[in-house]
Amino acid sequence: MVRDTIQTQPRPIALEPATKKEPLLAGCSVGFDVCGTVMTLVTPFGQYEGMFRVNLKKRFFPTAELGLGVSNHTDETSNIKYKTASPYLRLGVDYNFLKDRHSGNRLFGGIRLAYTSYKFDLSAPDLKDPIYGTTVPFNLIGIKGNMLWSEVMFGVEAKIWKFFHVGWSVRYKLRLHESKTEVDNAWYVPGYGRYGSNGLGGSFNVVFDI
């Protein structure tokens with residue numbers, strides 16, 4: 001009996017797909033804070049704030065936030081009026097904790113270093129001399145101050161549609177350095193908030209990839 005020799009072809013070796021490397025620069029985004037704008041309408045102070053950030057490997061996000069802090073408030077008890085409209089700047093970086101970096105969503109923590117050099121006006125009812133009965137106007141214009149502070153933040157961001165994202169963050173602010181003004185402490189510091197507050201703040205951002 002003659003045995004037929006069956007020649008078998010070697011099976012091709014399945015190769016693992018090469019891991020796709022993320023580019024260093026994965027894009028840039030711009031956005032604005034909705035929460036601060038709403039505060040200017042319903043509270044005695046608020047801010048108009050825009051942001052620009054760079055996406056590095058979809059993991060690190062260097063960010064710059066530039067805003068205008070505003071207040072026009074009169075105390076109901078003392079009738080003292082405080083008014084300001086001054087800029088501030090924050091610089092820092094966020095880190096995305098999500099393993100899936102391609103979804104467009106973020107769960108992030110970040111740090112900021114912030115600074116403002118501001119001016120404010122302070123006015124009140126005229127002061128009456130108890131001896132002579134004369135009145136002295138109380139109206140201080142252009143009082144100068146500045147503050148340097150840091151922020152630690154945590155937040156989430158969701159991709160809504162293609163290049164459109166929304167997200168929120170919670171921040172804890174710590175004063176690092178400040179100048180004393182002619183009247184000691186300002187009632188409101190642009191970008192920081194109420195001077196006597198507990199340092200907590202937040203934001204709700206609308207973001208567009210560019």
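Residues numbered from 1 in each chain as written. Predicted model: local features only at pLDDT ≥ 70, side-chain atom pairs only at ≥ 80, totals over all residues. Heavy atoms only, no water.

Draft legend 1. Representation of the nonpolar core. In this structure, Tyr 82, Phe 120, Met 147, Ala 186 and Val 189 are the most contacted members of the largest nonpolar core, which totals 14 residues. When residues of this core are traced back to their parent elements, those giving at least two are β5 (106-128), β6 (135-161) and β8 (188-189). For Ala 186, the residues in contact, after removing those within four places along its chain, are Tyr 82, Tyr 118, Phe 120 and Tyr 195. (Core = buried A, V, L, I, M, F, W, Y, C linked by side-chain atoms within 4.5 Å. Buried < 20%, exposed > 50% of the residue type's maximum accessible area, 1.4 Å probe, protein only. Helix = DSSP H or I, 4+ residues; strand = E, 2+ residues; numbered from the N terminus. Contact = heavy atoms within 4.5 Å.)

Draft legend 2. Local environment of the packing of aromatic side chains. Under the definition given, this model contains 10 aromatic pairs. Judged by centre distance (6.2 Å) and plane angle (25 degrees), the ring pair of Tyr 118 and Phe 120 falls under stacked. Here Tyr 118 falls in the buried class, since its relative accessible area comes to 4%. On the basis of relative accessible area, Phe 120 is assigned to the buried category, the value being 1%. An aromatic cluster is present here, built from Phe 45, Tyr 82, Tyr 118, Phe 120, Trp 187 and Tyr 188 joined pairwise through their rings. Geometry around Phe 61 places Arg 106 over its ring, the cationic atom sitting 4.4 Å from the centre. (Phe/Tyr/Trp six-rings, centres within 6.5 Å; stacked < 30°, edge-to-face > 60°. Lys NZ or Arg CZ within 6 Å of the ring centre and 35° of its normal.)

Draft legend 3. How the structure looks around unusual backbone geometry. The phi torsion at Lys 57 lies on the positive side, around 55 degrees, for a residue other than glycine. Tracing the chain through its elements places Lys 57 in the loop between β2 (45-56) and β3 (60-74). Owing to a relative accessible area of 38%, Lys 57 belongs among the partly exposed residues under this scheme. Within the chain, Lys 58 stands out as a residue other than glycine whose phi angle is a positive 60 degrees. Position of Lys 58 relative to the elements: it lies in the loop between β2 and β3.

Draft legend 4. Geometry of the pattern of salt bridges. Counted under the stated rule, the structure contains 11 salt bridges. A salt bridge links Glu 65 to Arg 112; its shortest N-O distance comes to 3.5 Å. Of this pair, Glu 65 sits in strand β3 while Arg 112 sits in strand β5, placing them 47 residues apart in sequence. For the pair Glu 65 and Arg 112, one class covers both residues: buried. A salt bridge links Arg 106 to Glu 157; its shortest N-O distance comes to 3.3 Å. Highlighted residues: Arg 106 in strand β5 and Glu 157 in strand β6, separated in sequence by 51 residues. Here Arg 106 and Glu 157 have matching classes, each one buried. The network of salt bridges with shared partners includes Glu 49, Arg 53, Glu 65, Arg 90, Asp 94, Arg 106, Arg 112, Glu 151, Glu 157 and Arg 171. (Salt bridge = Lys/Arg side-chain N within 4 Å of Asp/Glu carboxyl O.)

Draft legend 5. Main features of the side chain of Asp 94. Mapped onto the secondary structure, Asp 94 falls in strand β4 (residues 81-96). Given the relative accessible area of 4%, Asp 94 is considered buried. There is a polar contact of 2.9 Å between the side chain of Asp 94 and the side chain of Arg 112. Among all residues touching Asp 94, those that are not within four sequence positions of it are Arg 59, Phe 60, Phe 61, Thr 63, Arg 106, Phe 108, Gly 109, Gly 110, Arg 112 and Met 153. (Polar contact = N/O pair within 3.5 Å; in protein donor to acceptor, adjacent residues only side chain to side chain.)

Draft legend 6. Inspection of the environment of Gly 104 at higher detail. With respect to the secondary-structure elements, Gly 104 resides in the loop between β4 and β5. Using a relative accessible area of 22% as the deciding quantity, one classes Gly 104 as partly exposed. In sequence terms Gly 104 and Lys 58 are 46 residues apart; their C-alpha atoms lie 8.7 Å from each other. Among all residues touching Gly 104, those that are not within four sequence positions of it are Lys 159 and His 165.

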